Amino acid sequence: MQRLRVRYAKRGRLRFTSHRDISRAVERAVRRAGIPVAYSAGFSPHPKISYAGAAPTGVASEAEYLEIGVTTPCEPERIRGDLDGSLPPGLDVLDVVEAGPGGLAERLEASEWEVRLPGADPGLAGVAVEKFLSAGAVEVERLTKKGPRRFDAREAVLRLAVSEGTGRTAAQVPGQSCVILRMVVRHMTPAVRPDDVLAGLRLVADFAPPVPPEVTRLAQGLLDVGTGALADPFDLDRETTRGGETGPVGEHVAG
């Protein structure tokens, strides 16, 4: 069985779609595109499609990942075009590679996020960010299925910067400022989300945006702890293909 790894975006109104509904949309698109997906064994077989590091409902993303098992070797670029054409607008397939050795989830060590805050004061945001970064720990509380849970939102944040944005957001009025937070957050348990960081800014500096934030995940990948930079998780798969272990359709390539 060949495994194909897919990077896709969740944009516009589709950011409000639940992960379950996205899974259903992908399964329908796979059938519509004629992709020879493999199925699990047993009484109730399911298509072999798995997801890694899905963004929360209500959050846009340029870096969502899934893996498809197929029964017949496929050309990744053809699959990218066929799958993208079968998905609804707003679920956009950006890249497809043949899977190399190792798991995909273990390469998703951190995320880079952009948080747009229309109408927020840039000066107050800068002060809040400085206080948050200088704090040893910032305990926030989130309501989970098992009830309220407290955890440190500061430990996971490797980089956090503030700037004043240009352009319009959905909630922005003409002439209104828009604060932009850019952050790199390590994947931990429990997961620290951008709204947890915003809760931390409110705790340390009483900073609260006047309207709901617009959040986009820009990237996921392997983490360089020294710089906070993220590597493309598909780089290892591409190196495997170029190194002669596997060809574009799963055949051995002579070195």
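None of these values were measured; they are calculated from a predicted model.

**Let's talk about the pairing of strand β7 (residues 147-152)**
Next, step 1: Two elements, strand β6 (residues 139-144) and β7, share six bridges in a ladder whose sense is antiparallel. In the sheet register, Glu-139 faces β7, and the bridge partner there is Asp-152.
Next, step 2: Between β6 and β7, which pair antiparallel and follow one another directly, the connecting turn spans two residues.

**As for the domain arrangement of the protein**
Next, step 1: Once the domains are mapped, the protein shows domain 1 (2-106 + 233-253) and domain 2 (109-231).
Next, step 2: Here the C-alpha centroids of domain 1 and domain 2 sit 28 Å apart.
Next, step 3: At the junction of the two partners, domain 1 supplies 16 residues and domain 2 supplies 12 residues.
Next, step 4: Together domain 1 and domain 2 conceal approximately 980 Å² of surface at their shared face, both sides included; 54% is due to carbon and sulfur atoms.

**Things to note about the layout of surface pockets**
Next, step 1: Roughly 400 Å³ of internal volume is contained in the largest pocket.
Next, step 2: Every residue lining the largest pocket is counted, 23 residues in all, and those nearest its centre are Ala-54, Ala-55, Pro-56, Ala-191 and Arg-193.
Next, step 3: Those elements giving two or more residues to the lining of the largest pocket turn out to be β1 (2-10), α1 (19-32), β5 (110-118), β9 (178-186) and β10 (214-223).
Next, step 4: Grouping the constituent residues of the lining of the largest pocket by class yields 10 nonpolar, eight polar and five charged.
Next, step 5: Two domains each put at least three residues into the lining of the largest pocket: domain 1 (2-106 + 233-253) and domain 2 (109-231).

**Quick look at helix α2 (residues 76-86)**
Next, step 1: Within α2 the residues assigned to the buried category are Pro-76, Ile-79, Leu-83 and Ser-86. What you see down the axis of α2 is that its buried residues fit within an arc of 95 degrees, all on one side.
Next, step 2: Turning to α2, the residues buried within the fold contact β1, α1, β3 (60-70) and β4 (91-98).

**Remarks on the side chain of Gln-2**
Next, step 1: Following the sequence through the fold, Gln-2 ends up in strand β1.
Next, step 2: A polar atom in the side chain of Gln-2 sits 2.7 Å from the backbone nitrogen of Cys-74.

**Describing the pattern of salt bridges**
Next, step 1: Scanning all chains against the criterion turns up 20 salt bridges.
Next, step 2: Among the ionic pairs, Arg-5 bridges to Asp-237, the shortest N-O distance being 2.8 Å. Here Arg-5 is found in strand β1, whereas its partner Asp-237 is found in helix α5 (residues 235-242), with 232 residues between them in sequence. Each member of the pair Arg-5 and Asp-237 is classed as buried.
Next, step 3: Asp-196 is the salt-bridge partner of Arg-142, the closest N and O atoms lying 2.3 Å from each other. Pair noted here: Arg-142 is in strand β6 and Asp-196 is in helix α4 (residues 194-205), with a separation of 54 residues, a long-range link.
Next, step 4: By relative accessible area, which is 15% here, Arg-142 ends up buried.
Next, step 5: Put simply, Arg-3, Arg-5, Glu-67, Arg-107 and Asp-237 are held in one network by salt bridges that share partners.

**Description of the packing of aromatic side chains**
Two numbers describe a pair of aromatic rings. These are the distance of the centres and the angle of the planes.
Next, step 1: All chains considered together, the criterion is met by one aromatic pair.
Next, step 2: When the ring of Tyr-65 is compared with that of Phe-234, the centres are 5.4 Å apart and the planes differ by 80 degrees; the resulting orientation is edge-to-face. With a gap of 169 residues between them, Tyr-65 in strand β3 and Phe-234 in the loop between β11 (230-231) and α5 connect regions that are remote in the sequence. The burial state of Tyr-65 is the same as that of Phe-234; both residues are buried.

**Regarding the nonpolar core**
Next, step 1: Counting residues in hydrophobic clusters, the biggest one holds 28 residues, and the most contacted among them are Leu-117, Leu-160, Leu-181, Met-183 and Leu-201.
Next, step 2: Broken down by secondary-structure element, the contributors of at least two residues to this core are β5, α3 (122-134), β8 (157-164), β9 and α4.
Next, step 3: Setting aside anything within four residues of it in sequence, one finds Met-183 in contact with Ser-111, Glu-112, Trp-113, Val-115, Arg-159, Leu-160, Pro-194 and Val-197.

**Structural notes on the environment of Ala-29**
Next, step 1: The topology assignment puts Ala-29 in helix α1.
Next, step 2: Along the primary structure Ala-29 and Asp-84 are separated by 55 residues, whereas in three dimensions their C-alpha atoms are 8.3 Å apart.
Next, step 3: Ignoring any residue separated from it by four or fewer positions in sequence, one finds Ala-29 in contact with Leu-83, Ser-86 and Leu-87.

**Quick word on unusual backbone geometry**
Next, step 1: Between Thr-189 and the following residue, Pro-190, the backbone shows a cis peptide bond with an omega angle of -5 degrees.
Next, step 2: Among the secondary structure elements, Pro-190 is positioned in the loop between β9 and α4.
Next, step 3: Look at Asp-206: it is not a glycine, yet its phi comes out positive at around 55 degrees.
Next, step 4: You can see Asp-206 is positioned in the loop between α4 and β10.
Next, step 5: Of the residues examined, Asp-206 reaches a relative accessible area of 66% and is grouped as exposed.

Thresholds applied
Residues numbered from 1 in each chain as written. Predicted model: local features only at pLDDT ≥ 70, side-chain atom pairs only at ≥ 80, totals over all residues. Heavy atoms only, no water. Pairing = 2+ DSSP bridges. Helix = DSSP H or I, 4+ residues; strand = E, 2+ residues; numbered from the N terminus. Domains from an automatic or database assignment. Contact = heavy atoms within 4.5 Å. Buried area = accessible area lost by both parts, 1.4 Å probe. 1 Å grid on protein atoms, 1.4 Å probe; cavity = no way out; pocket = protein on both sides within 12 Å on 5 of 7 lines; lining within 4 Å. Points joined across faces, edges and corners; volume = space filled by probe spheres on them. Nonpolar A, V, L, I, M, F, W, Y, C, P; charged D, E, K, R; others polar. Buried < 20%, exposed > 50% of the residue type's maximum accessible area, 1.4 Å probe, protein only. Arc of directions from axis to C-beta. Polar contact = N/O pair within 3.5 Å; in protein donor to acceptor, adjacent residues only side chain to side chain. Salt bridge = Lys/Arg side-chain N within 4 Å of Asp/Glu carboxyl O. Phe/Tyr/Trp six-rings, centres within 6.5 Å; stacked < 30°, edge-to-face > 60°. Core = buried A, V, L, I, M, F, W, Y, C linked by side-chain atoms within 4.5 Å.

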